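Report on the structure
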Amino acid sequence: MSIDRYGVMGYPVSHSRSPVIHRLFALQTSQDMQYELLQVTPEKLEIAVRQFQRTGGKGLNVTVPHKSEITRLVDHLSERASTAGAVNTLTFKEDEILGDNTDGFGLMRDLVANLGLTLEGSNILVLGAGGATRGIIGPLLDMQPASVRIANRTLGKAQALADHFSRSGPVTACRFNVVPVSDQYDLIINATSAGLHGESPPYPSAAVSESTVCYDLSYGLNATPFSAWAIEHGAAQAVMGWGMLVEQAAESFRIWRGIRPNTAEVLKHMKITA
Ligand code: ATR
């Protein structure tokens, strides 16, 4: 019997920590599997996925920039992937491709289980209105917050997302630099890609108080620009997205192998060796 093959497809993908995380999970749970890093351009995506499946691959993680495009190749889309409009986990079953999205789940696990936050009744501000935001609004509203406000540089994109999710809960939109100053936020999530481009937009300082937790979906060895800004403005905590990264991986692993790995020790390892 050949070893079960998994991998992550992205472009670029060399920076991905997923192979390390999944190898640690496999070691911890005694699973005989391998996990590869697969750099695939958007033009080659379909060919690469079909070839991976044909040659016995069991599952794939899909990352930037393919998460939305890949939904076209999926035969069965989970409800959470459909809500997010994006897929990060493919499972190959006989001739079928199942698509799921574990990003929102991963963030909720980190916020609630790891950081101990109570989201029910809280006021949440989400910065950015791209694909990352779309993936987390549904799971956030499921936690029954008092309000979710989406702030974006381009108001129309935030408004479109707020309209899309308005049936699921209290979600509103505003322009990035005019977040109402009267609002007190328990949690501010940075879902913009600004930091990735080395940009530091004028984050809404008036929205931060000493009881605000600031969470950056991005992560790095050093503080991200958003984390540094949060500390500078007196936030209660500034957290980078290492926990979300490990938790979304654990959920993919559970889907594939039927076992939930222990994330705490892997998260500690990732932060030390980042
Ligand atoms: P992702 O899938 O990572 O969300 P995306 O769909 O390209 O990527 O969305 C990027 C988000 O970051 C958008 O909300 C974008 O704002 P616009 O909709 O106005 O483009 C936001 N963003 C990127 N760079 C930014 C910057 N320098 N200042 C403010 N917002 C920025």
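Since the model is a prediction, treat every value here as computed from it, not as a measurement.

Conventions adopted
- Residues numbered from 1 in each chain as written.
- Predicted model: local features only at pLDDT ≥ 70, side-chain atom pairs only at ≥ 80, totals over all residues.
- Heavy atoms only, no water.
- Pairing = 2+ DSSP bridges.
- Helix = DSSP H or I, 4+ residues; strand = E, 2+ residues; numbered from the N terminus.
- Contact = heavy atoms within 4.5 Å.
- Axes fitted to C-alpha atoms, helices over the stretch in contact; angles between N-to-C directions.
- Domains from an automatic or database assignment.
- Buried area = accessible area lost by both parts, 1.4 Å probe.
- Salt bridge = Lys/Arg side-chain N within 4 Å of Asp/Glu carboxyl O.
- Polar contact = N/O pair within 3.5 Å; in protein donor to acceptor, adjacent residues only side chain to side chain.
- Core = buried A, V, L, I, M, F, W, Y, C linked by side-chain atoms within 4.5 Å.
- Buried < 20%, exposed > 50% of the residue type's maximum accessible area, 1.4 Å probe, protein only.
- Expected span 1.5 Å × (residues − 1).

Looking now at the sheet that holds strand S6 (residues 96-100). Strand order in the open sheet formed by six strands is S2-S1-S3-S5-S6-S4, with mixed pairing between adjacent strands. Both edges of this open sheet fall to strand S2 (33-39) and strand S4 (76-77), since each of them pairs with a single strand only. Across three bridges, strand S3 (residues 59-62) lies against strand S5 (residues 89-93) in antiparallel orientation. When the sheet's bridge partners are listed, leucine 60 is paired in S5 with leucine 90. Across the sheet, helix H1 (residues 18-28) is in contact with strand S1 (4-10), S2 and S3; its angle to S2 comes to roughly 175 degrees. Sheet strands touched by helix H8 (residues 242-257): S1, S2, S3, S5 and S6. Its angle to S5, the strand with the most contacts, is close to 5 degrees.

Let us now look at the domain arrangement of the protein. What the domain assignment lists for the protein is domain 1 (4-101 + 246-273) and domain 2 (104-240). Centre-to-centre separation of domain 1 and domain 2, based on C-alpha positions: 25 Å. At the interface, 11 residues of domain 1 touch 10 residues of domain 2. Together, the buried faces of domain 1 and domain 2 total about 870 Å²; carbon and sulfur atoms form 54% of this surface. In this structure, glutamate 247 and arginine 109 form a salt bridge, with 3.5 Å as the shortest nitrogen-oxygen distance. Applying the counting rule to domain 1 against domain 2 returns three residue pairs in polar contact (both at pLDDT 80 or more). Only helix H3 (79-84) and H8 provide two or more residues apiece to the side of domain 1 that touches domain 2.

Grouped together as the largest cluster of nonpolar side chains are 28 residues, with contacts concentrated most on Leu107, Leu111, Leu140, Leu187, Ile189 and Tyr215. Secondary-structure elements contributing two or more residues to this core are helix H4 (103-114), strand S7 (123-127), helix H5 (131-142), strand S8 (147-152), helix H6 (155-165), strand S9 (171-175), strand S10 (187-190) and strand S11 (213-216). Counting residues in hydrophobic clusters, the runner-up holds 19 residues, among them Val8, Ile21, Ala26 and Met270.

What follows covers the pairing of S3. Here S3 shows two buried faces, one formed by Gly59 and Asn61 and the other by Leu60 and Val62. Here S1 pairs with S3 via four bridges, running parallel. Bridging from a neighbouring strand, methionine 9 pairs with valine 62 of S3.

On to the environment of isoleucine 124, then. Locating isoleucine 124 in the fold gives a position in strand S7. Setting aside residues up to four positions removed in sequence, isoleucine 124 forms contacts with Leu140, Pro145, Ser147, Val148, Arg149, Tyr185, Leu187 and Ile189.

Turning next to H8. Since one α-helical turn is 3.6 residues long, residues separated by three or four positions face the same way. Taking 1.5 Å as the rise per residue, H8 with 16 residues should run 22 Å; its terminal C-alpha atoms sit 22 Å apart, in good agreement. Burial of H8 is extensive: 14 of the 16 residues sit out of reach of the surface. Note on H8: the residue one or two positions beyond its end, glycine 258, has a positive phi of about 75 degrees.

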